[in-house]
Amino acid sequence: MAVDATRVRFAPVEGAALLFTPAFCEYLARLHDALGARVLELRARRAEGLRRALREHVMPGHPPPSAATTGDWRVPPVPDELRRPGIEISGPCSITSMFINALNPGPEGERAEGDLDDDEDSGGHRLVDTVRATHNRLAAVNRELAFEDRERGRSYRIAPGELPFFMHRERGLHLDEPDVTIDGKPVNAAILGTALTLFYAGRAQADRGQSIYFYLPKLEHAPEARWYRDLFDRSRELLPALRRATIRAIVLVESLPCVYEMDEMLWELGPYAAGLNAARWDLKASIFEFVMADPTQVWPDRFGVDIKTTPFLANIFRRLVAICLKRGAVPIGGMATALPSNDLEVNRVAGETIRKDKEWEAAQGFIRAWVAHIFHMKTAADPFRKLIGSGWTPTPEMAKPETYPVKIEVPAGAVTVEGTRRNARMLIEYVEGWLNGRGAKGIDSLEGKPGVHPALMEDLATGRMSVAQIAQRIRHRARDGQAGVAHDFALVKKLLREELEDILSRRPKHAEVETRYRQAMRVGLRWIKNYTELNFRSLGSYTRAELDAIARAPDAF
């Protein structure tokens, strides 16, 4: 029975009319009818779990034993290319020049194993970004993607040779797309993004005999993985080209509840399960949110909380690997975010830091990780290739999840005003990029300070983490013992103002840029205030009109 495609309405952004054809709109409406109501139920479960943590101090935990945890099952055999050791490169696929660069060889002449073409944490979260990402993915699969940057006089083309495999990452279940409606109500962003990718790039990949891979973001509970399984099943029914295609997904373990349900996530994905990814920034931000109301859980400066040297975080990573080893899935490590510099010493220090980080991940049993720029691609990839190529294999003990129980602790380290200042600077810089349509931005939070410190590619996860730490310190009047200062709204506002003026003093004098930075500070103030009030609304859930209104309103504090 046909579905009335005219139920779907979309904003007339550039390129949208080419995608929202009657056939696509009918497919989208069918997915919405089958899966849209469940999204609201899944969100309600998330909200209740967070409420219990904040109001009753009942933290997430392991579900009761089930076939998912007690059985001897394994995921279906994972395609060989997903088992290849090395590195994946991550970035927004809506920014065409960056997407093309990610698909091309790095300075050493070799490509990444995989490309994480992102419309989530590094995407702009506007409909135009999702539309561009869809067009770019399809053009990349067909090797037709090109871009002319007339302002800089540069041409971007995909270089000859084998491309990395694509890892599509759409926006999460927690977001809606207000510029696309079905029956007058916004469609869920995960349904929209996944549908666009499957209908266009996915079918093109299937026609070429390629497998279709997804990263699944922000999952919290195993029924959410089941929801994706049903989405993939339903899409196979509706799109004949996908019926024989290989579709596999890797869960991003970037929320605290998900840490307790990794086995269950793979189990519920069933035939689509491929692996788990160890997130860093979002996972820390999620922990902050769940402990925000607890004065005994105030963390030290986040810049010193290293996965490798913080035992309870390292054990979460090791547990992830153990579950993957036990279930035949692939464990993927974290992000190397350093960007190249004109200063050779900065590049050397960044490279050494990346090498040590990836050597540690490889020794824990991870087979790949991510990098933000092709400049450091080989440095990040070599530790995995060398260790696995040497014949090294994980020990039997490393495949036992019970060896690594989940414990949430307060990391060692100091609370300092300077750590808060770095969070404040990063926040202003990031929101400025967001207001300029970019979900990822190179930021040096120590800009102007002595020492060697590369700029890092920051995305929505680090913005979220910075806001969460600032808000936690305000809520509990966290004290910098050495400076003898307690955090409050006045101190944080002073830091934000000082960092804003310092940033502006280092930027070209341009009225539009200055206005955007000042708007970014106002948006940052509102974001922080929300968190102090235990409102953890994602920046990606705001429309640009809402952000404009916040930027024009009086300061939130």
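Parameters at a glance
- Residues numbered from 1 in each chain as written.
- Predicted model: local features only at pLDDT ≥ 70, side-chain atom pairs only at ≥ 80, totals over all residues.
- Heavy atoms only, no water.
- Helix = DSSP H or I, 4+ residues; strand = E, 2+ residues; numbered from the N terminus.
- Contact = heavy atoms within 4.5 Å.
- Salt bridge = Lys/Arg side-chain N within 4 Å of Asp/Glu carboxyl O.
- Buried < 20%, exposed > 50% of the residue type's maximum accessible area, 1.4 Å probe, protein only.
- Expected span 1.5 Å × (residues − 1).
- Pairing = 2+ DSSP bridges.
- Right-handed = clockwise from strand over helix to strand, strands pointing away.
- Phe/Tyr/Trp six-rings, centres within 6.5 Å; stacked < 30°, edge-to-face > 60°.
- Lys NZ or Arg CZ within 6 Å of the ring centre and 35° of its normal.

## Section: the side chain of R516
Next up, step 1: Within the secondary structure, R516 sits in helix α17 (residues 511–532).
Next up, step 2: In this structure R516 touches E432, L435 and N436, once residues within four positions along its chain are discounted.

## Remarks on the pattern of salt bridges
Next up, step 1: By the definition in use, this model includes 64 salt bridges.
Next up, step 2: A salt bridge links K308 to D306; the nearest nitrogen and oxygen atoms lie 3.0 Å apart.
Next up, step 3: The partly exposed category is assigned to K308, whose relative accessible area is 25%.
Next up, step 4: Between R518 and E501 there is a salt bridge; the shortest N-O distance is 3.0 Å. Of this pair, R518 sits in helix α17 while E501 sits in helix α16 (residues 489–505), and the two are 17 residues apart along the sequence.

## With respect to helix α14 (residues 417–435)
Next up, step 1: Here α14 spans 27 Å end to end across 19 residues, near enough to the 27 Å set by a 1.5 Å rise per residue.
Next up, step 2: Of all 19 residues making up α14, 16 are buried, and the element is well covered by its neighbours.

## Considerations on the pairing of strand β2 (residues 86–92)
Note on strand geometry: in a regular strand, side chains alternate between the two faces of the sheet.
Next up, step 1: Most of β2 sits out of view: seven of its seven residues are buried.
Next up, step 2: As paired elements, β2 and strand β13 (residues 368–371) share four bridges and run parallel to each other. Bridge pairing in β13 links G86 to R368.
Next up, step 3: As defined by bridge partners, β2 adjoins strand β3 (residues 114–118) across five bridges and the pair is classed as parallel. Residue pairing across strands places G91 opposite D117, the latter belonging to β3.
Next up, step 4: Taking the sense of rotation as the criterion, the β-α-β connection linking β2, helix α4 (residues 96–103) and β3 turns out right-handed.

## Points about the packing of aromatic side chains
Next up, step 1: On inspection of all chains with the given rule, the structure shows 22 aromatic pairs.
Next up, step 2: Chaining the aromatic ring pairs together yields one cluster made of F10, F20, F24, Y27, F199 and Y200.
Next up, step 3: The lysine or arginine in question, R203, covers the ring of F199, its NZ or CZ lying 3.9 Å from the ring centre.
Next up, step 4: The positively charged end of R422 is found above the aromatic ring belonging to F303, 3.8 Å away from the centroid.

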